[in-house]
Amino acid sequence: MDLPYTPDDGALYWDHAYQTGRTRWHREQVHAILVNHYDKLNPDGKVRKVLVTMCGMSEDMNWLADRGLQVVGVDLSLQALTSFMSRDGWKWTECPAPKLGPDAKLFTRDDGKIKLYCGDVLNFSSDLEGNFSAIYDCSSIHNLAKSSRERMAHILKEVLTPHGRILLDAVEYDLKMLELDDLNIDAPVPPPYSITLEDMRNLFEPECSIDLVETHIETILCKRETNFKCYLIVKE
Ligand SMILES: C[S@@+](CC[C@H](N)C(=O)[O-])C[C@H]1O[C@@H](n2cnc3c(N)ncnc32)[C@H](O)[C@@H]1O
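What this report covers is the structure whose coordinates are included nearby. Everything quoted here is computed from the prediction, not taken from an experiment.

## Some words on the side chain of T53
Thinking step 1. You can see T53 is positioned in strand β1 (residues 49–53).
Thinking step 2. T53 sits in the buried class, given a relative accessible area of 2%.
Thinking step 3. A distance of 2.7 Å separates the side chain of T53 from the side chain of D137, its partner in a polar contact.
Thinking step 4. Once residues within four sequence positions are removed from consideration, T53 is found in contact with V74, V121, I135, Y136, D137, S140, M152 and L156.

Written out as C-alpha cells, the structure is:
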C-alpha cells in the first residue's frame, strides 16, 4: 500500500479515496438500515428536514428526498459531493458558506430539496440551518478519532430539537483483527475506529437515550466480516 495521504490529511485523504475508487462503504442502492428503520427516525411522519452527516455521495440522500424531506448533507470531500451532484437533469447553485469555514461551500439543487455543505462537520452548528428533528449518520462518526468524535456528538446534540432522533450506524470490532498479517487492505486502518455501546453512552447520555436497533455484518473493513451496529438516539 502506497498512498500519498493519511487520514490526518483530511479532505486530501478522502478526496483521493473517492478519486481512486477506494470507497468500499459506498453503495449504489439505498442502505437497508435506512429502509428498515426509517419509521423510527420519522415515527409520526412529521419530519420535514434531515441532516445527513459526513454524507459522501450516498444514495440514501436521494431516498430521503424522495420521501419528501429536505436533505441537508455535510461532507469534507468536494470529490464526493461533485460525484453525487453530477446526474443528468440536476442543476445546482454554489455559494460560499463562511459559517462552516473560510473555504466551505454550499451547493443547493435547484428544487431546493437537497443542500450539500462542503466543509468540516466539526464546524457545523444550528447557525447554518437551524435545528433538526432527524439526523442520519451512516458509517460516519466512526471515522473520527476520539476527541473529534466527542465534538461531533456535542454538535449533534446541539443541533437536535427536543425529542429529535438520530439513526446512527457504526462499526464495532476487536483491534486484534488488525494484527492479522494476512490482511488484504488498501487503506490505513483505522479509520474507521471501533465504537462500542459503552462509547455511545459516553457520547450521548444523559441528554439522549440510546437503543441498539440492529446488528448487521459487513465485509467493508479489511474484507473481514465485521459487526455494524445501528442505534436509535433520542434526545430527552
Ligand atoms: C466512510 S465515508 C461514509 C460516507 C457516507 N456516510 C456513506 O454512507 O456512504 C466517510 C465520509 O466522511 C467524510 N468526512 C471525513 N471527515 C470529515 C469531516 N471532518 N467533516 C465532514 N466530512 C468528513 C469523508 O469525506 C467521507 O465521505
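Having put the structure on the table, let's press on.
## A few points about the packing of aromatic side chains
Thinking step 1. Counted according to the given criterion, the structure contains seven aromatic pairs.
Thinking step 2. Look at W14 and W25: their rings are 5.5 Å apart centre to centre, the planes differ by 70°, and that puts the pair in the edge-to-face class. Taken together, the residues span a long stretch of sequence, with W14 in helix α1 (residues 11–19) and W25 in the loop between α1 and α2 (32–41) at a distance of eleven residues.
Thinking step 3. On the basis of relative accessibility, which here comes to 18%, the residue W14 falls in the buried class.

## Considering the site of the ligand
Thinking step 1. By nearness alone, 17 residues border the ligand, and Y18, M54, D75, V121 and C138 come closest of all.
Thinking step 2. A distance of 2.8 Å separates a nitrogen atom of the ligand from a polar atom in the backbone of M54.
Thinking step 3. Interatomic distance of 3.3 Å between a side-chain N/O atom of S140 and a nitrogen atom of the ligand.
Thinking step 4. Isolated, the ligand exposes 600 Å² of accessible area, and the fraction of that covered by the protein chains is 94%.
Thinking step 5. Along the lines of polarity and charge, the residues of the shell around the ligand split into eight nonpolar, seven polar and two charged.

## Topic: the pairing of strand β4 (residues 105–109)
Thinking step 1. Of all five residues making up β4, four are buried, and the element is well covered by its neighbours.
Thinking step 2. For β4 and strand β5 (residues 114–118), the ladder comprises four bridges, and the chain directions are antiparallel. What sits directly across from F107, in β5, is L116.
Thinking step 3. Hairpin geometry of β4 and β5 is characterised by an intervening segment of four residues between the two adjacent antiparallel strands and by a positive phi of about 75° at G112.

## A short note on helix α7 (residues 197–204)
Think of an α-helix as turning once every 3.6 residues; residues three or four places apart then point the same way.
Thinking step 1. Here α7 has its buried residues at M200, L203 and F204. In a view along the axis of α7, the buried residues occupy a sector of 75°, so they form one face of it. Relative to its buried face, α7 has exposed residues pointing more than 90 degrees away, namely E198 and N202.

## Regarding the packing of α1 against helix α4 (residues 78–85)
The packing of two helices is summarised by the inter-axis angle and the distance between the axes.
Thinking step 1. For the pair α1 and α4, interaxial distance at closest approach is 7 Å and the crossing angle is 40°. Classed by the angle they form, the pair α1 and α4 counts as oblique. Contacts between α1 and α4 pair D15, Y18 and Q19 from the former with L78, Q79 and A80 from the latter.
Thinking step 2. Looking at the contact of α1 with α4, its residues break down into three nonpolar, two polar and one charged.

## Focus on the pairing of β5
Thinking step 1. With five of five residues buried, β5 is to be regarded as a mostly interior element.
Thinking step 2. Burial of the side chains of β5 extends over both faces: I114, L116 and C118 are buried on one face and K115 and Y117 on the other.
Thinking step 3. Sheet topology places strand β2 (residues 70–75) next to β5; five bridges connect them, and they run parallel. Looking across to β5, one finds that D75 is bridged to C118.

## Observations regarding the sheet that holds strand β8 (residues 208–221)
Thinking step 1. One open sheet accounts for nine strands, arranged β3-β4-β5-β2-β1-β6-β7-β9-β8; its pairing is mixed. Bordering the open sheet on either side are β3 (92–96) and β8, each of which pairs with just one other strand. Going across the sheet, the axis of each strand differs from the next one's by a mean of 15°, ignoring polarity.
Thinking step 2. The strands touched by helix α6 (residues 146–159) are β1, β6 (132–138), β7 (160–172), β8 and β9 (224–235); relative to β7, the strand with the most contacts, the crossing angle is about 150°.

## Overview of the state of the cysteines
Thinking step 1. On inspection of all chains with the given rule, the structure shows zero disulfides.
Thinking step 2. No disulfide involves C118; its sulfur sits 9.0 Å from the nearest other cysteine sulfur, which is in C55.

Thresholds applied
Residues numbered from 1 in each chain as written. Predicted model: local features only at pLDDT ≥ 70, side-chain atom pairs only at ≥ 80, totals over all residues. Heavy atoms only, no water. Helix = DSSP H or I, 4+ residues; strand = E, 2+ residues; numbered from the N terminus. Buried < 20%, exposed > 50% of the residue type's maximum accessible area, 1.4 Å probe, protein only. Polar contact = N/O pair within 3.5 Å; in protein donor to acceptor, adjacent residues only side chain to side chain. Contact = heavy atoms within 4.5 Å. Phe/Tyr/Trp six-rings, centres within 6.5 Å; stacked < 30°, edge-to-face > 60°. Near = heavy atom within 4 Å. Areas by Shrake-Rupley, 256 points an atom, 1.4 Å probe, with all protein chains shown as cover. Nonpolar A, V, L, I, M, F, W, Y, C, P; charged D, E, K, R; others polar. Pairing = 2+ DSSP bridges. Arc of directions from axis to C-beta. Axes fitted to C-alpha atoms, helices over the stretch in contact; angles between N-to-C directions. Parallel < 35°, antiparallel > 145°, perpendicular 65-115°, else oblique. Disulfide = S-S within 2.5 Å.

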